[in-house]
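Here is how the chains run, residue by residue.
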Amino acid sequence: MEEYAREPCPYRIVDDCGGAFAMGCIGGGVFQAIKGYRNAPSGISRRLLGSLTAIKQRSPIIAGNFAVWGGMFSTIDCTLVHFRKKEDPWNSIISGAATGGILAARNGVPAMAGSAIIGGVLLALIEGVGILFTRLSADQFRNPSPPTEDPQSLM
Amino acid sequence: MSADYLSQPLSFADAAPSSRNTQTVTPLSPYLNYDPRYLQAAQPEFIFPEGAAKQRGRFELAFSQIGSSVMIGAAIGGTAGFYNGVRATALAQQTGKLRRTQLLNHIMKQGSSTANTLGTLAVMYSGFGVLLQWVRGEEDEINTLLAGTATGMLYKSTVGLRRCAMGGGVGLGIATLYCLYTTATSGSKINFNKPYM
């Protein structure tokens, strides 16, 4: 597949929402297939049927939750980019925490705080791992060392 | 020395400060004393090796298609849910805080279910589209038609053969309408080399 670059900011929201939905749909489908298979009564056909039912019933809901998370995250991320005029890991961490908090808004303040902390820590971990990988792989992309001979000798 | 030149602008004036006194080296331009070995002029550099034939394929468009389907579904479902919620709460004579919560429940329920349905359809369509593009190795309107049909059939695949076929027919119909629309707006006959969608 070709190189996949992220869209510029306002369109990134739609893109992230779709990516999260696809991820939730496929990943949730696999997860629900296993869960439905295990929870079904014995007999291979019943198990497959249970698996199918679980996929049909649950995976769109998981996908929808993922999509809401992704869309909200991206919206806050873009808002922060607009107001802070820079893109750094703090944007992601702040928007992760804010997304967790906002999406738990109907469950009361303690639940909001818990979700916000979970969201922030999760995004901080993701960003940290990303920075770590960048640091580790930076050596491979280092330029060849500059020529040591005097440039005048080339003339 | 190995690391700090990365953060500096490119200049070789003090690349080897110990070997020679570089104060006397004053080049005409910082761009002229560049080692020609680094300019690989031997082979041409194309972004895509085949030339300009490569276009943005389905995979690049898939996520935005899915995302816009989800968002449109959420908007439609939310509006319908608001309408239904207003009616239902008025019928049940709920007021104040109770009515507000019930309205929110209606909007969330209907909005998310519509969004999920449309998004799942989009995921199926994009998946089939990417798969067909990959298998057939080209991108044209046959892909659109096949992907639409397959999406309809897969979506209705668990409720019996007849309705599965009906779903496939509906998918084929929508895909055909879309193809006709795009060819009508592009002002040509059906163009089987048209990229994307």
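Since this is a predicted model, take the numbers as computed values, not measurements.

Visitor: I keep staring at the overall build of chain B and nothing clicks. Help me out?
Guide: For chain B, the helix and strand inventory stands at 4 helices and 0 strands. Overall, chain B shows an N-to-C arrangement of helices and strands of α-α-α-α. Across the 197 residues that make up chain B, the buried fraction comes to 29%. Within chain B, contacts between residues at least 6 apart in sequence are counted, and of these 62% link residues at least 24 apart. Summed over all atoms, the accessible surface of chain B reaches about 13100 Å², with 65% contributed by carbon and sulfur.

Visitor: How do you make sense of the nonpolar core when you look at a structure like this?
Guide: Side chains that are nonpolar tend, in soluble globular proteins, to be buried together. With 11 residues, the main nonpolar core is built from A:C17, A:F21, A:A22, A:C25, A:A63, A:A67, B:I66, B:V70, B:A115, B:A122 and B:V123. Every element with two or more residues in this core is listed here: α1 (9–39) and α2 (44–84) of chain A together with α1 (58–91) and α2 (96–136) of chain B. Looking at which element gives the most residues to this core, the answer is α1(A), with 4 residues. Setting aside chain neighbours within four positions, we find B:V123 in contact with A:F21, A:A22, A:C25 and B:I66.

Visitor: Help me out: how do you make sense of the packing of aromatic side chains in this one?
Guide: Each aromatic ring pair is described using two quantities: the centre-to-centre distance and the angle formed by the ring planes. Residues and elements named next belong to chain A. All chains considered together, the criterion is met by 1 aromatic pair over all chains. On the numbers, 6.2 Å between centres and 20° between planes, the contact of W69 with F73 is stacked. Note that W69 and F73 are positioned in helix α2 at a spacing of 4 residues, about one turn of the helix. For W69, a relative accessible area of 29% puts it in the partly exposed group. Looking at R47, its charged tip hangs above the ring of Y37, at a distance of 5.6 Å from the centre.

Visitor: Where do I start with a nonpolar patch on the surface in this structure?
Guide: A surface patch of nonpolar side chains, amounting to about 290 Å² of accessible area, comprises A:I26, A:V30 and A:I34. Relative to the elements of secondary structure, A:V30 occurs in helix α1.

Visitor: Please clarify how the domain arrangement of chain B should be interpreted in this entry.
Guide: Residues and elements named next belong to chain B. The domain boundaries assigned to chain B delineate domain 1 (58–136) and domain 2 (138–197). Overall, the association of domain 1 and domain 2 removes approximately 1400 Å² of surface from exposure, summing both partners, and the carbon and sulfur fraction of that is 65%. Broken down residue by residue, the surface that domain 1 buries against domain 2 is led by R58, Y125 and R136, which jointly contribute 43%. At the junction of domain 1 and domain 2, the tally comes to 0 salt bridges. When residues of the side of domain 1 that touches domain 2 are traced back to their parent elements, those giving at least two are α1 and α2. The greatest single-element share of the side of domain 1 that touches domain 2, amounting to 9 residues, is contributed by α2. Tallied by class, the residues present in the side of domain 1 that touches domain 2 amount to 6 nonpolar, 4 polar and 2 charged.

Visitor: I tried to follow the UniProt feature "transmembrane region" (unreviewed entry) in chain A on my own but got confused; where do I start?
Guide: Feature annotation in UniProt assigns "transmembrane region" (unreviewed entry) to the following positions: residues 111–133 of chain A. Each end of residues 111–133 of chain A is marked by a C-alpha atom, and these two atoms are 33 Å apart; helix forms 100% of the span and strand 0%.

Visitor: Hey, could you run me through the confidence of the model for chain B in this one?
Guide: The predicted coordinates of low-pLDDT regions are not to be read in fine detail. Residue and element names in this part refer to chain B. Of the residues in chain B, 65% reach a pLDDT of 70 or more, and the chain-wide mean stands at 76. For chain B, the element scoring lowest by mean pLDDT is helix α3 (residues 141–155), at 86; α2 scores highest, at 90. pLDDT under 50 marks residues 15–24. Its contacts with residues more than four places away, or in other chains, come to 5 contacts. Across the assembled chains, the prediction reports ipTM 0.74 with pTM 0.71.

Visitor: It is not clear to me how the environment of A:K56 should be interpreted in this structure. Could you clarify?
Guide: Residues and elements named next belong to chain A. With respect to the element layout, K56 can be found in helix α2. Looking at K56, the relative accessible area reads 47%, which means it is partly exposed. Sequence-wise, K56 and S45 are 11 residues apart; in three dimensions their C-alpha atoms are separated by 16 Å.

Visitor: Quick question: what am I supposed to make of unusual backbone geometry here?
Guide: A negative phi angle characterises most non-glycine residues, just as the trans form characterises most peptide bonds. Backbone geometry places A:K85, a non-glycine residue, at a positive phi of 60°. Its place among the elements puts A:K85 in the loop between α2 and α3 (89–103).

Conventions and cut-offs
Residues numbered from 1 in each chain as written. Chains lettered and ligands numbered in written order. Predicted model: local features only at pLDDT ≥ 70, side-chain atom pairs only at ≥ 80, totals over all residues. Heavy atoms only, no water. Helix = DSSP H or I, 4+ residues; strand = E, 2+ residues; numbered from the N terminus. Buried < 20%, exposed > 50% of the residue type's maximum accessible area, 1.4 Å probe, protein only. Contact = heavy atoms within 4.5 Å. Areas by Shrake-Rupley, 256 points an atom, 1.4 Å probe, with all protein chains shown as cover. Core = buried A, V, L, I, M, F, W, Y, C linked by side-chain atoms within 4.5 Å. Phe/Tyr/Trp six-rings, centres within 6.5 Å; stacked < 30°, edge-to-face > 60°. Lys NZ or Arg CZ within 6 Å of the ring centre and 35° of its normal. Patch = residues over 30% accessible without salt bridge, like charges linked within 9 Å, V, L, I, M, F, W, Y side chains within 5 Å. Salt bridge = Lys/Arg side-chain N within 4 Å of Asp/Glu carboxyl O. Domains from an automatic or database assignment. Buried area = accessible area lost by both parts, 1.4 Å probe. Nonpolar A, V, L, I, M, F, W, Y, C, P; charged D, E, K, R; others polar. UniProt positions renumbered as here; feature names shortened; annotations may be inferred. pLDDT = per-residue confidence, 0-100.

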